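Tertiary structure, described
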Amino acid sequence: MVDEALSAGAVARRLGVAVTTLRTWHQRYGLGPSEHIPGHHRRYTPKDLARLEIMRRLTAEGVSPAEAARWARQAPDPTPTDTVAPTRIHRPGRDGGGTIPVGRAGPAARGLARAAMRLDAAAISETIAHALAAGGVVATWEGLLRPVLTGIGERHAATAGLIEVEHLVSRCVSEALAAASRAKVPSGPARILLSCADEEQHTLPLEALAAALAEAGVSYRTLGARVPVAALLEAVNRTGPAAVVLWSHTRATADPAQLSALLAAPRRPLLVLAAGPGWRADALPAGVVRPIDLAEAVSLAVAVRDSLDQSRRD
């Protein structure tokens, strides 16, 4: 249990609910912040947070908000070593499919995972938007989005479920990344070409890279999912990008021949990046770089842009 008093936004992220939900619980059921410092907004104490966690857990189980609030108000005060009691009411078909593992990710990721299991699009979008505004694209992707998306994938592999969760979260992530890209449109010619490998349909990491490039002031073009080699080469020959990023999520779509074709293109890019877990490092053609993560992909793209700008000035 945390010892510090928290703002409404921090509590919302920990619980995986929208701030508007906290306001409703406060106004209708009296589950609001109790710490008051003159001249400042009221803040939530550990006791407040413990009761709100009970409220969230019970309403997720199908208990009416009024009844859940009554149980939450009757909860004993937490001690400094307490965690919130795992109160659970068994209702067939209301277990939500379990939880989404997020590894060592922080409270925001755990809150996002809970919101995802409830299919709470408003809370999902609010959590992502706050993280993007506070930490930027790379930190949001690595610390929040990737752990939750990976956890959903692990649960799906184990249970063959959570397809509806994956679709909803993916849509919310895609919308948030697109908004981040539109908020900072770089000027100048598009020097980076982003594309999925042939038959590759996983585009979210490529969308994250696009948003991160926009944030870094690097212009780019995105071709999207399932780009045949012939179409990719045509785009390269028509636009002459300084760098091409080819994303592959699985071994099934990571054909090194696609990379070799880029290296042999008449307007060969200065840099070819094989991004994604599909590519095997020992199978890459000479001259192809495999970035280890999103931050390195952005750094390489920025370096190519800067190198090209310098050569033109010289």
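For the structure itself, consult the block above.
The notes below deal with the structure included here. Since we're looking at a predicted model, the values are computed, not measured. (Residues numbered from 1 in each chain as written. Predicted model: local features only at pLDDT ≥ 70, side-chain atom pairs only at ≥ 80, totals over all residues. Heavy atoms only, no water.)

Attention now goes to unusual backbone geometry. Despite not being glycine, Leu119 has its phi angle at roughly 55°, a positive value. Tracing the backbone through its elements, the reader meets Leu119 in the loop between α5 (107–117) and α6 (121–159). Its relative accessible area of 40% is what places Leu119 among the partly exposed residues. Even without being glycine, Ala160 reaches a positive phi, approximately 60°. Looking at the element boundaries, Ala160 is found in the loop between α6 and α7 (163–183). Since its relative accessible area comes to 58%, Ala160 is described here as exposed. (Helix = DSSP H or I, 4+ residues; strand = E, 2+ residues; numbered from the N terminus. Buried < 20%, exposed > 50% of the residue type's maximum accessible area, 1.4 Å probe, protein only.)

Take Arg56: it is sitting in helix α3 (residues 46–60). A relative accessible area of 9% places Arg56 in the buried class.

For the rest of this paragraph, the subject is the sheet that holds strand β2 (residues 220–224). The five strands lie next to each other as β2-β1-β3-β4-β5, forming an open sheet whose pairing is parallel. Edge strands, defined here as strands with exactly one partner in the open sheet, are β2 and β5 (288–289). Bridge analysis of strand β4 (residues 271–275) against β5 gives two bridges, and the strand direction is parallel. Bridge pairing in β5 links Val272 to Val288. The strands that helix α11 (residues 294–313) touches are β1 (192–196), β3 (243–247), β4 and β5; relative to β4, the one it contacts most, it runs at about 170°. (Pairing = 2+ DSSP bridges. Contact = heavy atoms within 4.5 Å. Axes fitted to C-alpha atoms, helices over the stretch in contact; angles between N-to-C directions.)

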